[in-house]
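Chain and residue survey
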Amino acid sequence: MKDQWSWLCTENIQKAIRLLFGTFIERWLDIGVAHITSAPCWVIYLQVLQEAVWPGGTLPAQPRPERSAAEKKETKERCLDCLMQLLPELIADMLGSEKYKLSLETMLESLQDHQINKHLIYSICDLLLELLIPESCDVAFQKFLLQSLAKDTERNSIHM
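Residues numbered from 1 in each chain as written. Predicted model: local features only at pLDDT ≥ 70, side-chain atom pairs only at ≥ 80, totals over all residues. Heavy atoms only, no water.

- You'll find the chain entered in an unreviewed UniProt entry as Sorting nexin C-terminal domain-containing protein, with Ameca splendens given as the organism.

Have a look at this one:
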């Protein structure tokens, strides 16, 4: 009976923790996602993107110089610091600060792969397209779109 009681207590404690902290984390994520996807934040994101691609409103005449290893390391450390401040200290305390930092470093390291980044960007664009134009997932809409594009291409080739 001792083993069964211990197992029962552990399972009940786990359920209680999930119940208490699960709703807290879920609510915190809901609020956070609602904030980062709000209209004022999108304005900031688009302004930052525009400034990154077209600094000063014009395309750069030449590419940026290659960053040194020290600059890359400093950027990585700043990014890690920002990520560590993103979640409440409660999460870091629960995981342990060293384990929390190691988890974030692993996540950052995985984002250093060019192919993974491309796939991530394509996936995000796909999700945004699906969110903004829900009918884009409909096969009938896709066929109609392809047919209309083919007709436009034919018209343009005739006029040239």
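Resuming the write-up.
**A few points about the overall build of the chain**
- A count of helices and strands for the chain gives 7 helices and 0 strands.
- Taken from N to C terminus, the helices and strands of the chain fall in the order α-α-α-α-α-α-α.
- For 160 residues, the compact-globule formula gives about 15 Å, and the C-alpha radius of gyration of the chain, at 24 Å, lies well above that figure.
- Every one of the 160 residues in the chain was classed for burial, and the buried ones make up 6%.
- When the accessible surface of the chain is split by element, carbon and sulfur atoms take 65% of a total near 14300 Å².
- Between the centroid of the 16 positive side chains of the chain and the centroid of its 22 negative side chains there is a distance of 2 Å. (Helix = DSSP H or I, 4+ residues; strand = E, 2+ residues; numbered from the N terminus. Rg over C-alpha atoms; globule rule 2.2 N^0.38 Å. Buried < 20%, exposed > 50% of the residue type's maximum accessible area, 1.4 Å probe, protein only. Areas by Shrake-Rupley, 256 points an atom, 1.4 Å probe, with all protein chains shown as cover. Lys, Arg positive; Asp, Glu negative; His and termini not counted. Charge placed at Lys NZ, Arg CZ, Asp CG, Glu CD.)

**Considering the nonpolar core**
- In terms of nonpolar packing, the biggest core is built from 6 residues, these being Leu80, Leu83, Ala92, Tyr100, Leu104 and Leu108.
- Those elements giving two or more residues to this core turn out to be α3 (69-86) and α5 (97-110).
- With 3 residues, α5 is the single largest residue contributor to this core.
- Each residue touching Tyr100, except ones within four places of it in the same chain, is listed here: Leu83, Met84, Leu87, Ala92 and Leu95. (Core = buried A, V, L, I, M, F, W, Y, C linked by side-chain atoms within 4.5 Å. Contact = heavy atoms within 4.5 Å.)

**Overview of the layout of surface pockets**
- Volume-wise, the largest pocket comes out at about 420 Å³.
- Every residue lining the largest pocket is listed: Trp28, Leu29, Gly32, Val33, Ile36, Leu83, Leu86, Leu87, Tyr100, Leu104 and Met107.
- Within the residue set of the lining of the largest pocket, elements represented by two or more residues are α1 (2-36), α3 and α5.
- A per-element tally of the lining of the largest pocket places α1 first, with 5 residues.
- Tallied by class, the residues present in the lining of the largest pocket amount to 10 nonpolar, 1 polar and no charged.
- Size it by volume and the second largest pocket reaches roughly 210 Å³.
- Lining the second largest pocket we find Ile121, Ile124, Cys125 and Leu128. (1 Å grid on protein atoms, 1.4 Å probe; cavity = no way out; pocket = protein on both sides within 12 Å on 5 of 7 lines; lining within 4 Å. Points joined across faces, edges and corners; volume = space filled by probe spheres on them. Nonpolar A, V, L, I, M, F, W, Y, C, P; charged D, E, K, R; others polar.)

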